[in-house]
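Summary of the model geometry
Given next are the chains, with one letter for each unit.
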Amino acid sequence: MRTVAVEKSRLADAVRERQTQLAEIERRQQESRAQLLDRKKQRLTTLAAIADRLKAQRREINTLKRDEQRLAKLIEGLARIAATKRAKPKVPQGTHSAGSTATARTSKIKSHDPGNVGGAFAALRGQLRLPAKGTIAGRFGGPRPEGGASWKGIFIRAAEGSEVKAVAAGAVVFSDWLRGFGNLLILDHGDDFLSVYGNNESLLAAVGATVKSGESVATVGNSGGNPESGLYFELRYRGQPFDPLKWASNR
């Protein structure tokens, strides 16, 4: 009888040990399932965050495109006004003047460097001084930090409140706030050349004013919505942007 009791006790201990092992296996399996669920939730959260970020980037890209179209439309209107003021002789039917706005509309918005053209402003090629002192943070044709768009001018990172100077003598044809560019000033240098100064803190010259080369026309800011203070600067010929750094002096 004692041998039977001992055997029963041994079997009971073996069953309890096995049950403990099975319970431990079940606990580990539950932990693994919980970890898998947590990782799945984390992946879903990460994917949702990426999707939201992509949507935000697409919205920023679309906003940038609308802002650029708004500026292009403004410059086209200024070109029409300038052409009217010059009161050129009427062009016979079937022909087009060299500086017509139709040319500006059909040209692709790429580097539209004028090349060897005449006029006082063109003679300054390679001698222009950049309008603000600072660091070139965005270059013509380079990708913008928002993605999906390229710079149509240059962005000069500079101290807020520092001077913005006219790159050449000209007449102020726009001095106001424009969405995407903040406080914006545009100078007409004649011969279809314009210089564009955006993101300013303040504007120091009114429409109709004539300014000299090197004269202060604005102060640096971040009114265009840029995360840092600086000047957004463009040069345009017949409405189309070209690389300002190819016309600036290294001095």
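For every chain, the first residue of the written sequence is number 1, and numbering continues from 1 along that sequence. A pLDDT threshold of at least 70 governs which residues receive local features in this predicted model, and a stricter bar of 80 or more applies before side-chain atom pairs are shown or counted, although totals over entire chains, interfaces and linings include all residues. Derived side-chain values reflect all non-hydrogen atoms in the structure, with water molecules and hydrogen atoms excluded from consideration.

**Description of the overall build of the protein**
Here is the rule we go by: Only DSSP runs of H or I covering at least 4 residues are called helices, and only runs of E covering at least 2 are called strands; the numbering of each starts at the N terminus. Only protein chains enter the accessibility calculation, which uses a 1.4 Å probe; a residue is then buried when its area is under 20% of its type maximum, exposed when over 50%, and partly exposed in between. The contact rule is simple, with two residues in contact once any of their heavy atoms fall within 4.5 Å. For accessible areas, the Shrake-Rupley method is used with a probe of radius 1.4 Å. Any residue's cover is judged against the shown protein chains and nothing else.
Helix and strand counts for the protein stand at 2 helices and 10 strands. A total of 251 residues make up the protein; the buried ones form 33% of that total. In the protein, once contacts between residues fewer than 6 apart in sequence are set aside, the share between residues at least 24 apart is 66%. Of the roughly 15,600 Å² of accessible surface on the protein, 54% is carried by carbon and sulfur atoms.

**Describing the side chain of Ser195**
For clarity, the cut-off: Polar contact criterion, stated in full: a pair of N or O atoms within 3.5 Å, where within protein one must be able to donate a hydrogen and the other to accept it, and residues adjacent in sequence count only if both atoms are side-chain atoms.
Relative to the assigned elements, Ser195 resides in strand S6 (residues 193-203). Looking at Ser195, its side chain comes within polar contact range of the side chain of His189, at 2.6 Å. Every residue in contact with Ser195, bar those within four places of it in the chain, is listed here: Val167, Leu185, Ile186, Leu187, His189, Phe233, Glu234 and Leu235.

**Considering the pairing of strand S9 (residues 230-237)**
Stated precisely, the cut-off is as follows: Each pair of strands is called paired provided DSSP finds at least two bridges between the two strands.
Counted residue by residue, S9 has 8 buried out of 8 residues, so it is predominantly covered. Of the two faces of S9, the one holding Gly230, Tyr232, Glu234 and Arg236 and the one holding Leu231, Phe233, Leu235 and Tyr237 are both buried throughout. As defined by bridge partners, S6 adjoins S9 across 6 bridges and the pair is classed as antiparallel. Across the sheet, Ser195 pairs through a bridge with Leu235, a residue of S9. Judged from the 3 bridges that link them, S9 and strand S10 (residues 240-242) form a sheet pairing that is antiparallel. Along S10, the bridge assignment pairs Leu235 with Phe242.

**With respect to the nonpolar core**
Among soluble globular proteins, nonpolar side chains are generally buried collectively. Test applied: The term nonpolar core refers to a set of buried residues drawn from Ala, Val, Leu, Ile, Met, Phe, Trp, Tyr and Cys, joined through side-chain atoms within 4.5 Å.
Core analysis: the biggest nonpolar cluster contains 27 residues, and Phe121, Tyr197 and Trp247 have the highest contact counts within it. Counting residues per element, the ones that place at least two in this core are strand S2 (154-157), strand S5 (182-190), S6, strand S8 (216-220) and S9. Take this core: its biggest share by element is 4 residues, from S9.

**Thoughts on the packing of aromatic side chains**
Put simply, the rule is: In this scheme Phe, Tyr and Trp rings, the latter by its six-membered ring, pair at centre separations within 6.5 Å, and the angle between planes marks the pair as stacked below 30 degrees, edge-to-face above 60, and tilted otherwise.
Throughout the structure, instances matching the rule amount to 10 aromatic pairs. Seen from their ring centres, Tyr197 and Phe233 are 5.3 Å apart, and the 45° between their planes marks the pair as tilted. With Tyr197 in strand S6 and Phe233 in strand S9, the pair connects residues that are 36 residues apart, well separated along the chain. Neither residue differs from the other here; Tyr197 and Phe233 are each classed as buried.

**Side note on the confidence of the model for the protein**
Keep in mind that low pLDDT regions are not for reading the predicted coordinates in detail. Where we set the bar: Looking at any residue, its pLDDT shows the predictor's confidence there, from 0 to 100.
Taken over all residues, the pLDDT of the protein has a mean of 82, while the share at 70 or more is 80%. Contacts for the low-pLDDT stretch residues 89-109, under 50 throughout, to residues beyond four places or in other chains number 18 contacts.

**Focus on the side chain of Arg236**
Within the secondary structure, Arg236 sits in strand S9. Here Gly239 takes part through its backbone oxygen, which lies 2.7 Å from a polar atom of the side chain of Arg236.

**Considerations on the environment of Leu78**
In this structure, Leu78 sits in helix H1 (residues 2-86). Separated by 95 residues in sequence, Leu78 and Val173 place their C-alpha atoms 7.2 Å apart.

**Overview of the environment of Gly208**
On the secondary structure map, Gly208 appears in the loop between S6 and strand S7 (210-211). On the accessibility criterion, Gly208 (60% relative accessible area) is exposed. Taking C-alpha positions, Gly208 is 5.4 Å from Val172, a pair spaced 36 residues apart along the chain.

**Re unusual backbone geometry**
For Asp191, which is not glycine, the phi torsion reads 55° and is therefore positive. Tracing the chain through its elements places Asp191 in the loop between S5 and S6. You can call Asp191 partly exposed: its relative accessible area is 42%. The backbone phi angle of Asp192 is positive, close to 70°, even though this residue is not glycine. By secondary structure assignment, the location of Asp192 is in the loop between S5 and S6.

**Some thoughts on the pairing of S6**
Counting buried residues along S6, 8 of its 11 residues qualify, which places the element largely inside the surrounding structure. Note that S5 and S6 share 6 bridges and pair antiparallel. Bridging across to S6, Leu187 finds its partner in Ser195. In this structure, the hairpin formed by S5 and S6 is closed by a connection of 2 residues, where Asp191 is found at a positive phi of approximately 55°. Bridge count between S6 and S8: 3 bridges; the pairing is antiparallel. Across the sheet, Asn200 pairs through a bridge with Val220, a residue of S8.

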